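Each chain, letter by letter, is given below.
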Amino acid sequence: MKVKSIAFYLPQFHPIPENNQWWGKGFTEWTNVSSGKSLYEKHYQPHIPADLGHYDLRLEETREQQAELAREYGISGFCYYHYWFNGKRLLNIPLDKILENQKPDFPFMLCWANENWTRAWDGQDREVLISQEYSDNDSEKHINFLCEVFADNRYIRVDGKPVLLIYRPDHIPEVSKMILLWRHTAQQNGFKDLYLCGVQSALVELTDEGMIDAGFDAVIDFQPNREDFPDARSFKNKVQESIRALSPKWLYQWLKSNVSSYKKIDYKMLVEKKIKQGWPNTYIKYPVVFPSWDNTARRKTPTIIENHDAREYKKWLSSALSKVKGNNHSEQMLFINAWNEWAEGCHLEPDKKHGHDFLKATKEALDDEL
């Protein structure tokens, strides 16, 4: 059985009224990307897009080009981030256009990014711009909307069940109750059931087993995850982290807003650690790999995991494929973070420095698996 390779997809590349208000007129993710600055010798910043340029996701032509490029290099589908705040949707134009126009003809699924939006990009992560609030009434409205999306024939399913990822399952009060409601509503709408995946990261306060017990079908091993980082930080990094840990909250916030410092992680060492890591066989867990990571353009205290060698990424991707194939699940998937997280230095889309190197490595690893 061929493993499906799903790339996370950020829809932030078009202006919306809320971002105009919060960040300035015309703000998109490209605003962040263009602000990236090199912090040390040979630091690769900013990341400059190549083939597709600084695109606007309101354009059908752009979305078609993305799907064509992804298909050419073996990507099976996109996982679009979905932003729902008590009935209010944000950054929804790309998905709405895809549903309305039935283009591109490319498989997709959703990941509900159920976090508060804050001013974290400029260090003020205590200032909430729009918050998540949970209620039975909102859960019902939400699943009814989602069922409309699930009905699209391009929507990715497992055993006929629409796949949905939830980014912060631990944020949802009585999540088991919500899952039961959603499954029941989906069945009332003619679906066999739902295939629900809880995203696991260093931020989530639920264990893998806790997610399964809560009613999720599978767990997503989201990366990068600081719990998987190798202990290869510089002395400077360790001193900075100690100062932050010992500082009162007000001083920590001030440092985040006014003092630029960074944590640098060795990509090769991280890959070696992930390859050696065991994989569960008592529940379903899907791996996530990434080509590189550098959120300098978004944060004053960034995490930098530079990788200029696509062979290292291919090695990790090949290992992840082996782990997926080793478990005889009815549907075999892995995830790639990401298709277009440009401000986090985490993208398969071609840039001026690496061109198609990481796309080629993706296709080679996927072809080797066949």
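The text that follows walks through the structure, step by step, so that each part is easy to find. Along each chain, residue indices are assigned from 1 in the same order as the chain's sequence is written. Where totals are concerned, whole chains, interfaces and linings use all residues; where local detail is concerned, this predicted model gives features only for residues with pLDDT of at least 70, and gives and counts side-chain atom pairs only at 80 or more. Side-chain measures here rest on the full set of heavy atoms in the structure, leaving out hydrogens and waters.

This part is about the sheet that holds strand β13 (residues 293-294). Here the rule is simple: two strands pair whenever DSSP picks up at least two bridges between them. For the purposes of this entry, the term helix denotes a DSSP run of H or I that reaches at least four residues, the term strand denotes a run of E that reaches at least two, and both are numbered from the N terminus. Pairing is mixed in the open sheet, where three strands are placed in the order β11-β14-β13. With partners counted over all chains shown, the strands left at the sheet margins are β11 (263-264) and β13, one partner each. Of the pairings in the sheet, the one linking β11 to strand β14 (residues 303-305) comprises two bridges and is parallel in character. Its bridge partner lying in β14, lysine 264 is registered against isoleucine 304.

This next bit is on the packing of aromatic side chains. Pairing of aromatic side chains here covers Phe, Tyr and the six-membered ring of Trp, requires ring centres within 6.5 Å, and sorts the geometry by plane angle: under 30 degrees stacked, over 60 edge-to-face, intermediate tilted. This structure, assessed with the given rule, holds 30 aromatic pairs. Centre to centre, the rings of phenylalanine 78 and tryptophan 339 are 5.3 Å apart; their planes meet at 50 degrees, and the pair counts as tilted. Within this pair, whereas phenylalanine 78 is found in strand β2 (residues 77-85), its partner tryptophan 339 is found in the loop between β15 (333-336) and α12 (357-369), the two being separated by 261 residues in sequence. Each residue is assigned to one of three classes by its accessible area relative to the maximum for its type, calculated with a 1.4 Å probe on protein chains only: buried under 20%, partly exposed between the two thresholds, exposed over 50%. Since its relative accessible area comes to 2%, phenylalanine 78 is described here as buried. Each ring, one from tyrosine 313 and one from phenylalanine 358, has its centre 5.8 Å from the other, and the planes form 70 degrees; the classification is edge-to-face. Of this pair, tyrosine 313 sits in helix α11 (residues 310-326) while phenylalanine 358 sits in helix α12; the two residues are 45 residues apart in sequence, bridging distant segments of the chain. Residue classification places tyrosine 313 among the buried residues on the basis of a relative accessible area of 0%.

Counting residues in hydrophobic clusters, the biggest one holds 109 residues, and the most contacted among them are Met109, Leu165, Phe335 and Trp339. Throughout, a residue-residue contact means that at least one pair of heavy atoms, one from each residue, lies within 4.5 Å. Leaving out residues up to four positions away in the same chain, phenylalanine 335 has contacts with Ile6, Phe8, Met109, Leu165, Ile220, Tyr286, Pro287, Val288 and Val289. Grouping buried Ala, Val, Leu, Ile, Met, Phe, Trp, Tyr and Cys residues that are joined through side-chain atoms within 4.5 Å yields what is termed a nonpolar core.

Moving on, we come to the pairing of strand β12 (residues 285-289). Buried residues dominate β12, accounting for five of its five residues. The alternating pattern of β12 places Lys285, Pro287 and Val289 and Tyr286 and Val288 on opposite faces, both of which are buried. Where strand β10 (residues 218-221) meets β12, three bridges bridge the pair, whose relative direction is parallel. Counted as the bridge partner of valine 219 is lysine 285 from β12. Where β12 meets β15, two bridges bridge the pair, whose relative direction is parallel.

Basic side-chain nitrogens of Lys or Arg form a salt bridge, by our definition, when they fall within 4 Å of a carboxyl oxygen of Asp or Glu. The final tally for this structure, using the stated rule, is 21 salt bridges. The closest approach of N and O atoms between glutamate 18 and lysine 88, which form a salt bridge, is 2.8 Å. With glutamate 18 in helix α1 (residues 17-23) and lysine 88 in strand β3 (residues 88-90), the pair connects residues that are 70 residues apart, well separated along the chain. Look at the salt bridges and you will find they share partners, linking Glu29, Arg298, Glu341 and Glu344 into a network.

The subject of this paragraph is the packing of helix α10 (residues 267-276) against α11. Taken N-terminus to C-terminus, the directions of α10 and α11 make an angle of 15 degrees; their axes are 10 Å apart at the nearest point. Between α10 and α11, the crossing angle belongs to the class labelled roughly parallel. Both α10 and α11 take part in a crossing whose hand is left-handed. Residues Tyr267, Lys268, Val271, Lys274 and Ile275 of α10 pack against Glu312, Tyr313, Lys315, Trp316, Ser319 and Lys323 of α11. Of the residues belonging to the contact of α10 with α11, the class tally is five nonpolar, one polar and five charged. Orientation is described by axes fitted as lines to C-alpha atoms, over the contacting stretch for helices, and by angles from 0 to 180 degrees between their N-to-C directions. Our angle categories are set so that under 35 degrees counts as roughly parallel, over 145 as roughly antiparallel, 65 to 115 as roughly perpendicular, and the remainder as oblique. Two helices that cross are described as forming a left-handed crossing if the nearer one is turned anticlockwise from the farther one by less than a right angle, and a right-handed crossing if clockwise. Each residue receives one of three labels: charged for Asp, Glu, Lys and Arg, nonpolar for Ala, Val, Leu, Ile, Met, Phe, Trp, Tyr, Cys and Pro, and polar for the others, Gly being one of them.

Remember, this is a structural readout, not a statement about activity or role.
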